[in-house]
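Close look at the chain arrangement
Chain by chain, the residues run as shown.
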Amino acid sequence: MTQSLHLRRPDDMHLHLRDGAMLQGILPESARHFARAIIMPNLVPPVVTARDAAAYHDRILAALPEGADFQPLMTLYLTEETDPADVAAAQASGLVKAVKLYPAGATTNSNSGVRDFDKVRAVLEEMAEIGLPLCVHGEVTDPAIDIFDREAVFIDRVLDPIRRATPGLRVVMEHITTTEGVAYVRSAGGDLGATITTHHLVINRNHMLVGGIRPHYYCLPVAKRERHRLALRDAATSGEAGFFLGTDSAPHPDPLKENACGCAGCFTATNTMPILAHVFEEEKALDRLEAFTSLNGAGFYRLPPSETRLTLTKGAPVPCPAKIDTGAGPVTVFDPGFALCWSVSH
Ligand code: NCD
Ligand code: ZN
């Protein structure tokens, strides 16, 4: 018996599209399945102003394949110089759906991020006022804190104080990786949501480190212990409104991953939907896949769910390309370590 699922087309609420030749090469991978995506602003230089976001939005639309039905939802990169009035104008333009907070130095291209949180207080207050969500890269950068503890410490030291000081601020904890992240979202009201990536539902730190170091499994926040992966699976498959898909698909050319100092980022745009169908089937939660991929994120961002549909069909294993060739070099597609038996059609 063939098994089929009909879903509203998914939204990817955390995506890196880059720019130039890389954008051109990888955009079709997201546009094929996803209706919309929240586009991360960590370009070099970053997308800081409403004007930068409008220009980047135009470049993305220009790079879309003919006939594609994909809407980029733009974000601004929060710096200590961000002007609250520009943020309000960006939201009013209709293009910008969130502001992204990177603690300075936390991850790829985060040097212009925030060092002194008091300097962004006025922006956060404006955002609370106008209901514009703050997307947070939730890791402290204190060198004394172990990399595996950086998310849990961030919640206590940074995120909870910001939320208490700014009532009404709507926050998305991006790419949560820990039991502490899951518990914090569950303890909060509807003003706090979290994205969960594809790869953190599949790998733990052993997959990355046992039997040889696997650079294509290295991302930030770094994959944690198995008990954390299981907590993420429980949250993603729960159907709870606060948890939604953000792939954090983050392409880097292979030579920069397979390197003595390899870049952080897993590229999952190509095979996220078949992988998620596999994971939700394992968890006996296929009936909650649509909530995770297509309803909860739209709900948090106060967008109508997408009207178009996509079909997932289970059958014989379907091949997936190992790499995507781009004008910026080859990009390795995330290997989930199992055959993909779900295929996607429209
Ligand atoms: C992202 C990137 O490469 O831009 N890398 C990653 O490991 N996730 C940045 C980020 O989201 O932290
Ligand atoms: Zn990211």
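This section reports on the structure supplied with the text. Model, not experiment: these values are computed from the prediction.

1. Let's talk about the pattern of salt bridges
Applying the stated criterion across every chain, the model contains 14 salt bridges. Arginine 9 is the salt-bridge partner of aspartate 69, the closest N and O atoms lying 3.3 Å from each other. Here arginine 9 lies in the loop between strand 1 (3-8) and strand 2 (11-15) and aspartate 69 lies in the loop between helix 2 (50-63) and strand 4 (71-77), a separation of 60 residues in the sequence. Note that aspartate 234 and arginine 186 form a salt bridge whose closest N and O atoms lie 3.1 Å from each other. Placement of the pair is aspartate 234 in helix 8 (residues 226-236) and arginine 186 in helix 6 (residues 179-187), with a sequence separation of 48 residues. Using a relative accessible area of 42% as the deciding quantity, one classes aspartate 234 as partly exposed. Here the salt bridges share partners, and the residues they tie into one network are Arg186, Asp234 and Glu240.

2. Considerations on the coordination of the zinc ion (ligand 2)
Every protein donor of the zinc ion (ligand 2) is accounted for by His14 (NE2), His16 (NE2) and Asp248 (OD), and the metal-donor separations fall at 2.0 to 2.1 Å. Taken together, the four donor atoms surrounding the zinc ion (ligand 2) define angles of 93 to 137° at the centre, an arrangement classified as irregular. Here the donor residues of the zinc ion (ligand 2) share one chain and are spaced in sequence as H-x1-H-x231-D. Accessibility classification places histidine 14 together with histidine 16 in one group, the buried group.

Conventions adopted
- Residues numbered from 1 in each chain as written.
- Chains lettered and ligands numbered in written order.
- Predicted model: local features only at pLDDT ≥ 70, side-chain atom pairs only at ≥ 80, totals over all residues.
- Heavy atoms only, no water.
- Salt bridge = Lys/Arg side-chain N within 4 Å of Asp/Glu carboxyl O.
- Helix = DSSP H or I, 4+ residues; strand = E, 2+ residues; numbered from the N terminus.
- Buried < 20%, exposed > 50% of the residue type's maximum accessible area, 1.4 Å probe, protein only.
- Donors = N, O, S within 2.8 Å, 3.2 Å for Na, K, Ca; no water.
- Tetrahedral: all angles 85-135°; square planar, octahedral: opposite > 155°, others 65-115°.

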